[in-house]
There are 2 protein chains.
Amino acid sequence: MFVYNIFIHIFGKKKEIMSSPRERILERASILFHHQGYNSTGINQIISEANVAKASFYQHFKTKDDLCVTFLNRRHESWFNALSEFTSTSENTQEKIVAAFDFIMHMNEKENFRGCSFLNIMSEISKEQENILSVIQSHKNDLRVFFSQLIEDELLATHIYLLFESSIIESQLFGSNEIVHKSKAIVKSII
Amino acid sequence: MFVYNIFIHIFGKKKEIMSSPRERILERASILFHHQGYNSTGINQIISEANVAKASFYQHFKTKDDLCVTFLNRRHESWFNALSEFTSTSENTQEKIVAAFDFIMHMNEKENFRGCSFLNIMSEISKEQENILSVIQSHKNDLRVFFSQLIEDELLATHIYLLFESSIIESQLFGSNEIVHKSKAIVKSII
DNA sequence: TTATATACAAACAAGTCTGTCTGTTTTTTT
DNA sequence: AAAAAAACAGACAGACTTGTTTGTATATAA
């Protein structure tokens, strides 16, 4: 477009002012998959809101499932980074574990109690979508490792992990952090 | 049909040998919703497998969501009955709690690790489907009450409830009862 | 500046979905 | 046996789905 080209000419390269189609697709898909669910979000909505042509979409992603895998991999990274950052200020292990539960509440407020993208998508897919399932399993394995690295006692680490998981789900179901507070109190009593 | 009518003539009333269309719909929907998910199961598949005409379907159920609510209400009843029966032979409270975790494993084996219908559907629906959501919330409330009635300590009851919930989800995700065994060991150590 | 790669719009295919409607047949009740 | 209720098959509407294709325009690199 005319104005757009002038804009580039004055302010520099395109990359600086507008992300690539692939990036725009992933940004919109992340929001839509997380807020509407995977099956309820169509390709057409994604590309229309990302201002990308359909042919361009299929140049970057073989299938919708392919996009889903890429989305989950990125979510995995950004989610763990956020968790690490959130718990990084804690001075000891106990505090770090408790901070992880504060992170759930923080995430719930920020994302309107949409819960865990990974578990939500698990409930939507079929056994045939193995590539998606394995990304979800890897994510949860890594979360278990996160707690295992903090806690020597293997069974206690599993214990915390299980409470962490149900805290996410129950707060999603009731749209409230109340149960996370209770869960936090429980965790404090066992570590 | 010819043979069918003879059958009725010889053996008695229809009700005794063939369930009503409404019943056949609910039976098929129960299986399909639980095994394929709600959004992935269409009305057409349900009525075709239930041998019911589409017009008959819409005589019994206003919408697909209406069927979903009825399905969940029935699942609620049958699931709780099964849990009650499974835990009824336990002689004391501790045993009963542990038996509840055995019930998860029993259910997983029987239903091929499809997890909790209620939580699965929660992940699939939108905020607008309030009537469905409230059935799910009621179900989980009743489950919490189930544990509260067994355990005086309110926080401990919540604790067990949270472990119960994550046990279902994690065993679904990994298609294995391994984590339920661990959860059972944890529960034994805290009651 | 020319060549190559990328992105575009928009039509199209082939199928899915929920829900409505018509007209016929079967079952139940009076 | 006649009247009313329920179930049937199946066409239809209208909107959606994922993915393909054609031809054009734009951006980047040689």
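Structural data are supplied above this passage.
Fair warning: this is a prediction, and the values are worked out from it, not measured in the lab.

K.L.:
Honestly, the protein's contact with DNA strand D in this entry has me stumped. Any pointers?
P.N.:
Taken together, 19 residues are adjacent to DNA strand D, and I43, N44, K54 and K64 of chain A together with R24 of chain B come closest. Counting only the atoms of DNA strand D within 4 Å of the protein, the fraction contributed by sugar and phosphate is 60%. Within the backbone of I43 of chain A, a nitrogen or oxygen atom sits 2.8 Å from a phosphate oxygen of DNA strand D. One nitrogen or oxygen atom from the side chain of Y58 of chain A is found 3.3 Å from a phosphate oxygen belonging to DNA strand D. Sorting the residues of the surface near DNA strand D by element identifies α1 (2-11), α4 (43-50) and α5 (54-60) of chain A together with α3 (21-36) and α5 (54-60) of chain B as the ones contributing at least two each.

K.L.:
Honestly, the protein's contact with DNA strand C in this entry has me stumped. Any pointers?
P.N.:
Taken together, 19 residues lie near DNA strand C, and S56 and H60 of chain A together with I43, N44 and K54 of chain B sit nearest. For DNA strand C, the backbone makes up 59% of the atoms found within 4 Å of the protein, where backbone means sugar plus phosphate. In this structure, a phosphate oxygen belonging to DNA strand C sits 3.4 Å away from a main-chain N or O atom of N51 of chain A. In this structure, K54 of chain B approaches DNA strand C through a side-chain N or O atom, which is 2.8 Å from a base oxygen. Looking at the surface near DNA strand C, the elements that each hand over two or more residues are α3 (21-36) and α5 of chain A together with α1 (2-11), α4 (43-50) and α5 of chain B. Of the residues belonging to the surface near DNA strand C, the class tally is eight nonpolar, eight polar and three charged.

K.L.:
What am I meant to see in the packing of α3 of chain B against α4 of chain B here?
P.N.:
Packed helix pairs are characterised by how far apart their axes lie and by the angle those axes make with each other. Residues and elements named next belong to chain B. Close contact between α3 and α4 brings their axes to 9 Å; oriented N to C, the two are set at 130°. Judged on the interaxial angle alone, α4 and α3 are oblique. Both α3 and α4 take part in a crossing whose hand is right-handed. Residue-level contacts link R24, I25, R28, A29, L32, F33 and Q36 of α3 to Q45, I46, E49 and A50 of α4. Residues that form the contact of α3 with α4 fall into these classes: six nonpolar, two polar and three charged.

K.L.:
I would appreciate a short explanation of the packing of aromatic side chains in the present structure.
P.N.:
In this description, a pair of aromatic rings is defined by centroid distance and the angle of the planes. On inspection of all chains with the given rule, the structure shows 22 aromatic pairs over all chains. Seen in terms of ring centroids, F57 of chain B and F61 of chain B are 5.5 Å apart; in terms of plane orientation they differ by 40°. Their pairing is tilted. Of the two residues, F57 of chain B and F61 of chain B, neither departs from the other in class, the shared state being buried. Between F146 of chain B and F147 of chain B, the aromatic rings sit 5.3 Å apart at their centres with planes inclined by 80°, giving edge-to-face as the arrangement. The two residues F146 of chain B and F147 of chain B agree in class, both being buried. Of the aromatic side chains, those joined through ring pairs into one cluster are W79, F80, F86, F101, F103, F146, F147 and F164 of chain A. Cation over ring: K64 of chain B sits above Y38 of chain B, and NZ or CZ is 4.4 Å from the ring centre.

K.L.:
Hey, could you run me through the relation of the copies chain A and chain B in this one?
P.N.:
The operation relating the pair of chain copies consists of a rotation about an axis and a translation along that axis. Between chain A and chain B, the superposition needs a rotation of 180° and an axial shift of 0.0 Å, giving an RMSD of 0.0 Å. The superposition operator between the copies reduces to a two-fold rotation axis. When each C-alpha of chain A is compared by its distance to the rotation axis, S166 of chain A comes out closest, at 2.5 Å. When the interface residues of chain A are mapped onto chain B, 100% of them again fall at the interface, so both copies present the same face.

So, how was this worked out
Residues numbered from 1 in each chain as written. Chains lettered and ligands numbered in written order. Predicted model: local features only at pLDDT ≥ 70, side-chain atom pairs only at ≥ 80, totals over all residues. Heavy atoms only, no water. Near = heavy atom within 4 Å. Polar contact = N/O pair within 3.5 Å; in protein donor to acceptor, adjacent residues only side chain to side chain. Helix = DSSP H or I, 4+ residues; strand = E, 2+ residues; numbered from the N terminus. Nonpolar A, V, L, I, M, F, W, Y, C, P; charged D, E, K, R; others polar. Axes fitted to C-alpha atoms, helices over the stretch in contact; angles between N-to-C directions. Parallel < 35°, antiparallel > 145°, perpendicular 65-115°, else oblique. Left-handed = near helix turned anticlockwise from the far one by under 90°. Contact = heavy atoms within 4.5 Å. Phe/Tyr/Trp six-rings, centres within 6.5 Å; stacked < 30°, edge-to-face > 60°. Buried < 20%, exposed > 50% of the residue type's maximum accessible area, 1.4 Å probe, protein only. Lys NZ or Arg CZ within 6 Å of the ring centre and 35° of its normal. Least-squares fit on C-alpha atoms with pLDDT ≥ 70 in both.

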